[in-house]
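The residues making up each chain are set out below.
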Amino acid sequence: MNAAKRLEIFNRFRAANPKPTTELEYATSFELLIAVMLSAQATDLSVNRVTRCLFQFANTPQDMLRLGVDELMAHIQTIGLFRTKARNVIATCQILVEQHGGKVPATRAALESLPGVGRKTASVVMNVAFGLPTIAVDTHIFRVSNRTGIAPGKNVDIVEQRLLKVVPKEFLQNAHHWLVLHGRHTCVARKPRCWNCMIADLCDYKSKSLRPANA
């Protein structure tokens, strides 16, 4: 895909959604960090249902530590891997209190040193909480980048590096959200909704269908 097509793609994304953001519900950088940690292999909708109640009881590292692993597990048991996630959250809160004054750090190195926080989670927090131009390549972004031809790559690391290189700088801050939302709602895994896609004429996907399945 050439640079002119990419520019037009992101111009259209911006025109349709000028201020995209995460679908996770949060009020502080700490709440965002916990929500993203809980969202691994879970939907944002399921995480939001859990955190609406959880954050009423514990929305600071100190409160979460007082809650403890067992009670935290009880709050989040409806989402996948809840036992491991509960242990990681409590361990992370301990580090935040002891090493960061109860604050969420803004650097990648510090974030990735937290239990249960990998590169993708760190990138989301850096982008959403601190306004840094990072791109967290999840399954949606990986699929969209490869299927459309925006930034093809064999693994998430290659796709991330290519996106950071080829996405015009003016769009880097929001590129993550646009690509996630496009993959989640239009360029879906099994049957992409090419017939309802705002970039269908720019996309390199060879098997695109411009008619609804039931048309």
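Our subject is the structure that appears above.
Residues numbered from 1 in each chain as written. Predicted model: local features only at pLDDT ≥ 70, side-chain atom pairs only at ≥ 80, totals over all residues. Heavy atoms only, no water.

Draft legend 1. Local environment of the pattern of salt bridges. Per the stated rule, a full pass over the model turns up ten salt bridges. With its nearest N and O atoms 3.7 Å apart, the salt bridge here joins Asp 204 to Lys 5. Here Lys 5 lies in helix α1 (residues 3-16) and Asp 204 lies in the segment after α10 (172-185), a separation of 199 residues in the sequence. Given the relative accessible area of 28%, Lys 5 is considered partly exposed. In this structure, the salt-bridge partner of Arg 108 is Glu 112, at a minimum N-O distance of 3.2 Å. Residue Arg 108 and its partner Glu 112 are located together in helix α6 (residues 108-112), separated by four residues, close to a single helical turn. Here the salt bridges do not stand alone but share partners, grouping Glu 8, Arg 12 and Asp 201 into one network. (Salt bridge = Lys/Arg side-chain N within 4 Å of Asp/Glu carboxyl O. Helix = DSSP H or I, 4+ residues; strand = E, 2+ residues; numbered from the N terminus. Buried < 20%, exposed > 50% of the residue type's maximum accessible area, 1.4 Å probe, protein only.)

Draft legend 2. Just unusual backbone geometry, in detail. Although it is not a glycine, Gln 41 adopts a positive phi angle of roughly 55°. Within the secondary structure, Gln 41 is located in the loop between α2 (29-38) and α3 (44-57). In this model, Leu 81 sits at a positive phi of 55°, which is unusual for a non-glycine residue. Structurally, Leu 81 can be placed in the loop between α4 (61-76) and α5 (82-100).

Draft legend 3. Geometry of the nonpolar core. Counting 37 residues, the largest nonpolar core has Met 64, Leu 72 and Ile 76 as the members making the most contacts within it. Counting residues per element, the ones that place at least two in this core are α2, α3, α4, α5 and α7 (119-130). Among all residues touching Leu 72, those that are not within four sequence positions of it are Leu 54, Met 64, Leu 67, Ala 86, Val 89 and Ile 90. (Core = buried A, V, L, I, M, F, W, Y, C linked by side-chain atoms within 4.5 Å. Contact = heavy atoms within 4.5 Å.)

Draft legend 4. Quick look at helix α8 (residues 139-148). Counting buried positions along α8 gives seven out of ten residues, so the element sits mostly inside the fold. Three or more residues of α8 are buried, namely His 140, Ile 141, Arg 143, Val 144, Ser 145, Arg 147 and Thr 148. Looking at the buried residues of α8, the elements they touch are α9 (156-166) and α10. The opening residue of α8 is Asp 138, an N-cap whose side-chain oxygen sits 3.1 Å from the backbone nitrogen of His 140. Following α8 by one or two positions, Gly 149 adopts a phi angle in the positive range, close to 95°. (Polar contact = N/O pair within 3.5 Å; in protein donor to acceptor, adjacent residues only side chain to side chain.)

Draft legend 5. Up close: the packing of aromatic side chains. In the structure shown here, the tally under the stated rule is four aromatic pairs. On the basis of an interplanar angle of 25° and a centroid distance of 5.8 Å, the ring pair of Phe 10 and Phe 171 is categorised as stacked. You can see Phe 10 sitting in helix α1 and its partner Phe 171 sitting in the loop between α9 and α10, a full 161 residues away along the chain. Across the pair, exposure class does not vary: Phe 10 and Phe 171 are buried alike. (Phe/Tyr/Trp six-rings, centres within 6.5 Å; stacked < 30°, edge-to-face > 60°.)

Draft legend 6. The packing of α2 against α3, seen in detail. One can describe the packing of α2 onto α3 by two numbers: an axis separation of 10 Å at closest approach and a directional angle of 140°. By the angle between their directions, the pair α2 and α3 is classed as oblique. Between α2 and α3 the crossing geometry is right-handed. For the pair α2 and α3, contact is made by Glu 31, Ile 34, Ala 35 and Leu 38 and by Val 47, Thr 51, Leu 54 and Phe 55, respectively. For the contact of α2 with α3, the residue count by class is six nonpolar, one polar and one charged. (Axes fitted to C-alpha atoms, helices over the stretch in contact; angles between N-to-C directions. Parallel < 35°, antiparallel > 145°, perpendicular 65-115°, else oblique. Left-handed = near helix turned anticlockwise from the far one by under 90°. Nonpolar A, V, L, I, M, F, W, Y, C, P; charged D, E, K, R; others polar.)

Draft legend 7. Representation of the state of the cysteines. The tally for this structure, following the rule as stated, stands at zero disulfides. For Cys 53, which is in no disulfide, the shortest distance to another cysteine sulfur is to Cys 93 and amounts to 16 Å. Exposure remark for Cys 53: the relative accessible area of 35% places this residue in the partly exposed category. The thiol of Cys 197 is not disulfide-bonded; the next cysteine sulfur, from Cys 203, is found 6.4 Å away. Judged by its relative accessible area of 17%, Cys 197 falls in the buried class. (Disulfide = S-S within 2.5 Å.)

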